[in-house]
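# An overview of the molecular structure
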Amino acid sequence: MHGPRWTITLLCLGLLVPACRDEQAGPRPRPRAPASAVAEPGSVQGTWAGGAIEYLGTRVDRGRDQRGQEAVRLTHVFEATKRLPPGWQIFVHIVDARTGQMVANGDHPPPVPLEQWTVGHPVTDVQVVSLPPGAPELRVLLGFWHDDRRLPVDQPSAQDGEQRMLGPTIGGGLPPVPEAHVRRTATPPKIDGVLDDATWQNATPLTLVNSFDGRPAPLRTTVRLAWDDHALYVAFDCEDPDVWGTFTKRDEPLYTQEVVEIFIDADADGRTYDEIEVSPHNVVFDAYFPAPRQGMDPSWDSGLESAVKVDGTLDDPSDRDRGWTVEMRIPFDRLHSVPHLPPRPGDRWRFNLYRLDLPDRKNQQGQAFSPLFVGDFHAVNRFAWLVFE
């Protein structure tokens, strides 16, 4: 699945004396607070090529673009201490501060070639980075490149080990994960795919949202949960104008088509968890993970009992369906690392609920109970809390 939409708008590069014109191509941020800076220009933060170029810091100004997204204006300031060789260009990389994964690349040739920089005169390089809602903490890395080389950073502590100067951090506005309180049921629901049991009438509906940014999903998905001494019960109700699937065998890669999923980290250790999926054909995928996205064991049998009901015509794209419903019974004694069997009121597990939909049978749309803000359903740090009542 693709990740959040990050954009970098390059504004200008020029000498501060004289100052360059701001010819921003994209929407201008509207300031909402006084400018702030993580690496305030003025003092030398690091140098390249034996002190030939000094990094004087990056000014960080925060605002909003015309779409309402956070827009961070980065003004990097450099100064040459000697005449510079030709051919070098600037790069600005935006990476996830936690994982180091690249999320945006701002490689660009300078409008003022480096060999024309005036010794002793500061030079600015300006970008505007538009951040999607709930963007994680991001690190700005910058430097100079030519062919397959990067200009070396003189100070080891000022770079990331790959000759990228450490700039400021931005973003970091992730909301807290939600909680779902699940009620005990005296009479377990009949697992037939029809959500008419009293158990579901008494359960609080949970609405899935866009997994990338937490916004409302284009198709409605509601989920209800219940439990007794023996099992966790889960009911999905999915709006869907085209219900389909091609997999017919257990543990086939259902996650590449339309499917509903629950991930369960019963001991909330943030490492081990179980994954259970059901397709519109009531095909099951279940696997155990000893670490996030590592060591997947599809030989694990969850003991799942499931049923699906389609409101429409399965696998027929010529008509318009209304949706499909799924009921699951997940026995507690098959799950990994369950603290108490049965759970005790007040026990808190980590979990998440997901749905994948392919409205054109090509491109996936992800939904989640706890939005992830990354294109990875295995982001265990964003799992919600499941609280037994």
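Residues numbered from 1 in each chain as written. Predicted model: local features only at pLDDT ≥ 70, side-chain atom pairs only at ≥ 80, totals over all residues. Heavy atoms only, no water.

## Focus: the overall build of the protein
Across its full length, the protein carries 1 helix and 25 strands. Counting all 389 residues of the protein, 49% fall into the buried class. With the model as given, the accessible surface of the protein reaches about 17200 Å², and the carbon-plus-sulfur share is 49%. (Helix = DSSP H or I, 4+ residues; strand = E, 2+ residues; numbered from the N terminus. Buried < 20%, exposed > 50% of the residue type's maximum accessible area, 1.4 Å probe, protein only. Areas by Shrake-Rupley, 256 points an atom, 1.4 Å probe, with all protein chains shown as cover.)

## What to know about the packing of aromatic side chains
Taken as a whole and assessed by the stated rule, the structure comprises 19 aromatic pairs. Ring centres of W48 and F144 lie 4.9 Å apart, and the angle between their planes is 85°; this geometry places the pair in the edge-to-face category. One end of the pair, W48, is in strand β4 (residues 46-48); the other, F144, is in strand β10 (residues 137-146), and 96 residues separate them in sequence. Where Y273 meets F383, the ring centres are 6.0 Å apart and the plane angle is 80°; that geometry is what we call edge-to-face. Within this pair, whereas Y273 is found in strand β19 (residues 273-278), its partner F383 is found in the loop between β24 (365-368) and β25 (384-388), the two being separated by 110 residues in sequence. (Phe/Tyr/Trp six-rings, centres within 6.5 Å; stacked < 30°, edge-to-face > 60°.)

## Looking at the nonpolar core
The nonpolar side chains of a soluble globular protein tend to be buried, and buried together. By size, the foremost hydrophobic cluster in this structure holds 36 residues, and its most contacted members are L232, V234, F236, I262, M328, I330 and L353. Residues contacting M328, with those up to four places away along its chain left out, are I191, L232, Y233, V234, F236, V260, I262, V278, L304, E305 and S306. Counting residues in hydrophobic clusters, the runner-up holds 30 residues, among them W48, A80, L114 and A158. (Core = buried A, V, L, I, M, F, W, Y, C linked by side-chain atoms within 4.5 Å. Contact = heavy atoms within 4.5 Å.)

## Overview of the side chain of D240
With respect to the secondary-structure elements, D240 resides in the loop between β17 (231-239) and β18 (259-265). Those residues in contact with D240 that lie beyond four places of it in its chain are L219, E258, D321, R322, G323, W324, R355 and D357.

## As for the environment of I191
Relative to the helices and strands, I191 resides in the loop between β13 (179-184) and α1 (198-201). By relative accessible area, which is 15% here, I191 ends up buried. The sequence separation of I191 and V326 amounts to 135 residues, and the corresponding C-alpha distance is 8.7 Å. Residue contacts for I191: discarding those within four places in its chain leaves Y233, E305, S306, A307, E327, M328 and R329.

## A look at the environment of D267
Examined against the element boundaries, D267 turns out to sit in the loop between β18 and β19. Since its relative accessible area comes to 31%, D267 is described here as partly exposed. When near neighbours in sequence (up to four residues on either side) are disregarded, D267 contacts T272, S337 and P339.

## Description of the environment of R382
For R382, the position within the fold is in the loop between β24 and β25. In sequence terms R382 and P178 are 204 residues apart; their C-alpha atoms lie 9.2 Å from each other. With near-sequence residues (within four places) excluded, R382 lies in contact with L174, P175, P176, V177, R350, N352, S370, P371, L372 and F373.

## Quick notes on the side chain of R350
Position of R350 among the secondary structure elements: in strand β23 (residues 348-357). No salt bridge is formed by the buried R350; its nearest oppositely charged neighbour, D265, is found at 6.2 Å. Here the side chain of R350 touches N381 through a polar contact of 3.4 Å, landing on its backbone oxygen. Non-local contacts of R350, meaning those with residues more than four positions away in its chain, are made with V177, F263, I264, D265, A268, V380, N381, R382, F383, A384 and W385. (Lys, Arg positive; Asp, Glu negative; His and termini not counted. Salt bridge = Lys/Arg side-chain N within 4 Å of Asp/Glu carboxyl O. Polar contact = N/O pair within 3.5 Å; in protein donor to acceptor, adjacent residues only side chain to side chain.)

## Considerations on the pairing of β13
Summarising the sheet, β13 and β25 pair through 4 bridges and their orientation is parallel. Residue pairing across strands places A180 opposite L386, the latter belonging to β25. Across 2 bridges, β13 lies against strand β16 (residues 221-227) in parallel orientation. Residue R184 lies in a different strand from β16, and its bridge partner there is W227. (Pairing = 2+ DSSP bridges.)

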